[in-house]
Amino acid sequence: MADPFTVSAPAGARIRDRLRLSIRDAEVLRIVGKHLGGHARTDLAERVRIGRVAVKENRRAERKRAMTKVSSSRWAGAVTRASEDQYQLSLRCLFAERTSLRRAITKIGKRLVVPCGQRVGGVRGYPSRAERTQKQCRLQVLTARLAEVERRIAAGHPAVVVGGRRLAKVRHHRADAGLTEAEWRERWDAARMFLTADGESGAPYGNYTITVDPADGTATIVLPEPLRHLANAPRGRYQLACTVTFNHRREEWLDRVDANSSVRYDITYDPERGRWYLDASWSTPKTVLPTPIELAASAIRLLAVDLNADHLAACVVDAHGNPVGEPITVPTDLTGSTSQRDGRLRAAITELINLAKTNDCAGLAIENLGFDEARATGRETMGRGKRGKTFRRTVAGMPTARFRERLRGMAHHAGLVVIAVDPAHTSRWGAQYWKQPLQQQSKTTITGHHGASVAIGRRALGHGIRRRPGVTAHDQRIVARRATGQTVPRPRARGNTSPPRTTGIPHQGRKTCRDRSDQLALFPVSQHRPGRQPA
């Protein structure tokens, strides 16, 4: 079982503001984005052809010189950097897919060895010959996919679709998606534009390519060399008619641009809403956070949270691992569009943070959940039929990674730490050992998820989850309960210098014995000692 750990603080910050562009400004940005996007795809294809090589052999300097001829040196640097990042991300996706396919193949192979309707060594065979035949066909499909992935990894040529493979497939099913040819083309072109300018320390306001003046909010863009005829400002720049005002975390942004520290800018277009946005991002200093051991030693409280499909079960836990107050339930309706789900998740996290501050908690405790293995082998291990399919959809719909990342960032800005624990047995032991005690001190209905939250909090503080029977009762004066074994002394470890207690002849009961009938003595008393007359 893994030890609890403190989730690291965010390594950077990102803010957004809407650009209210004129028709002329929007047209210029589309031209620039399509021009740079086309050359960025060419550079990415060249990087994929180079394959898996050392950093010094990826020919970035050569590709940057070729890109500078059709853009500028700074645009070329951003393009080649983005190509390298995309290539490395695609390789990591290939490795993850290979791991997932191997898990599924191994699981199906083990079950195929067992005869139908039987169980051998804890492995259950398939219930019918028809299902076993289907699994054999699926095993062949997965094996073929694994061979293709292995071939791509060996060659170092991952498949990359700029703009998204899902959107590319929608082109052949526009009627099902409710899109016309023009609407699909607008989304496709917007996804393939490139308008990213990396920051540069020492440059005016932290970025020379896309510059935002903090005094009046004017934004200017350096145009690529072939598009300098569109410039309306000196030195081949284009100034937007609108102004930029970052409201969220504006003070941090002002501190960086006033000090000419690097700030990266991204211009994006949302075709569904018809809006343009400007994103500013920068790296933040690394923050040293307290470890779970240090937090437990400082006698603090934690708000333990159990993530579920439709709600968050939370409970305040003190430094000794005891629940404080009544458990809390925060509903999370994660349905609808992506923006709606994200907004509801942020609202639920905001409520958790407010609860933590109200109860004087120093942080939050969560499970380090990851359903990668479950998603890979879910058809084999998570039920069959309609019920199993519903359960697999529920597990697949739980936003574990998004919840962890959102909570990490929002809690850090609120001055709280996040502790992640191993999720092993928290639900089972929490419901078994903590559901009834919570129900005794609460007037609302308590579920096993609330007990799991207490188990998560205790594990984050280094305490055990399971309770000894009868140790605590809701009213010790009137409740009859049997004595517990908590006071039984532990057996002495072997190899100690002091001898063990042994049973000897009854002691005579003179100085060190309370009663002559005491049968326990440190040393057996001999009745025939040299130089002593028997009584």
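Each chain carries its own residue numbering, running from 1 in the written order of its sequence. The predicted nature of this model means local features are confined to residues of pLDDT at least 70 and side-chain atom pairs, given and counted, to a pLDDT of 80 or more, with totals for whole chains, interfaces and linings taken over all residues. Computation of side-chain values: all heavy atoms of the structure, hydrogens and water removed.

Trainee: Describe the packing of aromatic side chains, listing the residues and the values that go with them.
Mentor: Aromatic rings from Phe, Tyr and Trp, taking only the six-membered ring of Trp, are treated as a pair when their centres fall within 6.5 Å; an angle between ring planes under 30 degrees marks them as stacked, one over 60 as edge-to-face, and anything in between as tilted. Tallied over the full model, the rule gives three aromatic pairs. Aromatic pair Trp184 and Trp188: ring centres 5.4 Å apart, planes at 10°, arrangement stacked. Taken as a pair, Trp184 and Trp188 lie in helix α7 (residues 181-191) at a separation of four residues, close to a single helical turn. A single burial state applies to Trp184 and to Trp188, both of which are buried. Strands here mean DSSP runs of E at least two residues long; helices mean DSSP runs of H or I at least four residues long; both are numbered from the N terminus. Whether a residue is buried, partly exposed or exposed follows from its accessible area with a 1.4 Å probe, protein chains only, as a fraction of its type maximum: under 20%, in between, or over 50%, in that order.

Trainee: Describe the sheet that holds strand β12 (residues 311-317), listing the residues and the values that go with them.
Mentor: Judged by pairing direction, the sheet is mixed, and its six strands sit side by side in the order β1-β15-β14-β11-β12-β13 without closing on themselves. The open sheet has two edge strands, β1 (5-6) and β13 (323-331), and neither has a second partner. Residue contacts are defined here by distance: any two heavy atoms, one from each residue, within 4.5 Å place the two residues in contact. Throughout, an axis means a line fitted to C-alpha atoms (over the contacting stretch in the case of helices), and angles, computed between N-to-C directions, take values from 0 to 180 degrees. Those strands touched by helix α14 (residues 400-413) are β11 (301-307), β12, β14 (361-367) and β15 (417-421), and its axis lies near 170° from that of β14. In short, DSSP must find at least two bridges between two strands for them to pair.

Trainee: Hey, could you go over unusual backbone geometry for me, with residue numbers and the actual values?
Mentor: A positive phi angle is found at Arg59, which is not glycine, with a value near 55°. Locating Arg59 in the fold gives a position in the loop between α1 (23-50) and α2 (60-68). Positive phi is not limited to glycine here, since Asp360 has a value of about 55°. Relative to the helices and strands, Asp360 resides in the loop between α10 (338-358) and β14. Judged by its relative accessible area of 63%, Asp360 is exposed.

Trainee: An account of the pairing of strand β7 (residues 218-222) is needed here, citing residue identities and associated values.
Mentor: By the criterion of burial, β7 is predominantly enclosed, with five of the five residues buried. Bridge analysis of strand β6 (residues 210-212) against β7 gives three bridges, and the strand direction is antiparallel. Paired with Thr211 across the strands is Thr220, a residue of β7. The hairpin turn running from β6 into β7, its antiparallel successor, is five residues long, and Gly217 in that turn takes a positive phi close to 80°. Across four bridges, β7 lies against strand β8 (residues 237-243) in antiparallel orientation. Directly across from Thr218, in β8, lies its bridge partner Thr243.

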